[in-house]
Amino acid sequence: MCVEVKRTCQCGANVASFHLRDNIMAPEVVDRIYCPDCSSEVPENKETMLADNGWLIEYDMDMVRMYAISKLQMDPALVNPGFIFDGGYATWKEMYPGETEDIADERWQIISRKSEDPKRYLREINQWAVSRIQRLKETGWRKAQQA
């Protein structure tokens with residue numbers, strides 16, 4: 001089971017949803033987030049922050065390491081922001097913040113043709129998904145790089 005966590009960026013303009021894989025980490029491990037607008041005001045600390053296409057996620061690394069020791073039986077020296085994000089322990093709910101809203105119309109146009117021609121629908125939805133992930137990779141979204 002994944003727990004969803006919502007955080008508002010430091011400037012208050014954007015909200016991002018996170019999920020926490022298997023309830024291993026608590027919501028509080030996501031300490032602060034910075035959207036592309038407010039991240040430029042903050043120096044990136046690679047020990048506690050992960051940068052993703054203009055966004056910064058700041059983790060409470062003391063808390064993260066406590067969970068890594070107690071629930072994952074890991075050496076805390078191996079735990080860093082990339083491990084947390086890429087492992088899904090505290091990562092975007094979507095490929096990037098706001099993805100669901102961004103793709104709603106485009107996806108709906110394809111889905112609305114489902115009953116007209118099911119084979120065409122399957123072909124188009126598959127092509128759309130593949131090309132969308134490719135676009136996200138090209139624009140640098142971290143989760144897309146792993147897809």
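1. Side note on helix α4 (residues 99-111)
The end-to-end C-alpha separation of α4 is 17 Å, in line with the 18 Å expected for 13 residues at 1.5 Å each. Burial in α4 covers these residues: Glu99, Ile103 and Ile110. On the buried face of α4, the contacting elements are α5 (118-139).

2. Comments concerning the environment of Glu4
Within the fold, Glu4 resides in strand β1 (residues 3-8). Along the sequence, Glu4 and Thr91 sit 87 residues apart, while their C-alpha atoms lie 9.7 Å from each other. Apart from the residues within four sequence positions on either side, Glu4 is in contact with Ser17, Phe18, His19 and Lys93.

3. Here's the deal with the packing of aromatic side chains
For the structure shown, the criterion picks out five aromatic pairs. Where Phe18 meets Trp92, the ring centres are 5.1 Å apart and the plane angle is 35°; that geometry is what we call tilted. Residue Phe18 is located in strand β2 (residues 15-20), and its partner Trp92 is located in strand β6 (residues 91-92); the two are separated by 74 residues in the primary sequence. Residue classification places Trp92 among the buried residues on the basis of a relative accessible area of 0%. Ring geometry for Phe85 and Trp92: centres 6.0 Å apart, planes at 85°, overall edge-to-face. By way of ring pairs, the aromatic residues Phe18, Trp55, Phe85 and Trp92 are connected into one cluster. Cation over ring: Arg132 sits above Trp128, and NZ or CZ is 5.3 Å from the ring centre.

4. Considerations on the pattern of salt bridges
A complete count under the given rule lists nine salt bridges for this structure. Across the salt bridge formed by Glu58 and Arg32, the nearest N and O atoms sit 2.9 Å from each other. Of this pair, Glu58 sits in strand β5 (residues 55-59) while Arg32 sits in strand β3 (residues 30-34), and the two are 26 residues apart along the sequence. What makes Glu58 buried here is its relative accessible area of 12%. The closest approach of N and O atoms between Asp86 and Arg142, which form a salt bridge, is 2.7 Å. Highlighted residues: Asp86 in helix α3 (residues 81-86) and Arg142 in helix α6 (residues 142-146), separated in sequence by 56 residues. Connected through shared salt-bridge partners, Asp31, Arg32 and Glu58 make up one network.

5. Quick notes on the packing of α4 against α5
Packing of α4 against α5 leaves a shortest axis separation of 10 Å and a crossing angle of 155°. What the angle tells us is that α4 and α5 run roughly antiparallel. Here the hand of the crossing between α4 and α5 comes out right-handed. On the side of α4, the interface is formed by Glu99, Ile103, Glu106, Arg107, Ile110 and Ile111, while α5 contributes Tyr121, Glu124, Ile125, Trp128, Arg132, Arg135 and Leu136.

6. Some thoughts on the layout of surface pockets
Size it by volume and the largest pocket reaches roughly 150 Å³. Lining the largest pocket are Glu4, Lys6, Val15, Ala16, Ser17, Lys93, Glu94, Pro97, Gly98, Thr100 and Glu101. Among the residues forming the lining of the largest pocket, the class breakdown is three nonpolar, three polar and five charged.

Procedures and definitions
- Residues numbered from 1 in each chain as written.
- Predicted model: local features only at pLDDT ≥ 70, side-chain atom pairs only at ≥ 80, totals over all residues.
- Heavy atoms only, no water.
- Helix = DSSP H or I, 4+ residues; strand = E, 2+ residues; numbered from the N terminus.
- Expected span 1.5 Å × (residues − 1).
- Buried < 20%, exposed > 50% of the residue type's maximum accessible area, 1.4 Å probe, protein only.
- Contact = heavy atoms within 4.5 Å.
- Phe/Tyr/Trp six-rings, centres within 6.5 Å; stacked < 30°, edge-to-face > 60°.
- Lys NZ or Arg CZ within 6 Å of the ring centre and 35° of its normal.
- Salt bridge = Lys/Arg side-chain N within 4 Å of Asp/Glu carboxyl O.
- Axes fitted to C-alpha atoms, helices over the stretch in contact; angles between N-to-C directions.
- Parallel < 35°, antiparallel > 145°, perpendicular 65-115°, else oblique.
- Left-handed = near helix turned anticlockwise from the far one by under 90°.
- 1 Å grid on protein atoms, 1.4 Å probe; cavity = no way out; pocket = protein on both sides within 12 Å on 5 of 7 lines; lining within 4 Å.
- Points joined across faces, edges and corners; volume = space filled by probe spheres on them.
- Nonpolar A, V, L, I, M, F, W, Y, C, P; charged D, E, K, R; others polar.

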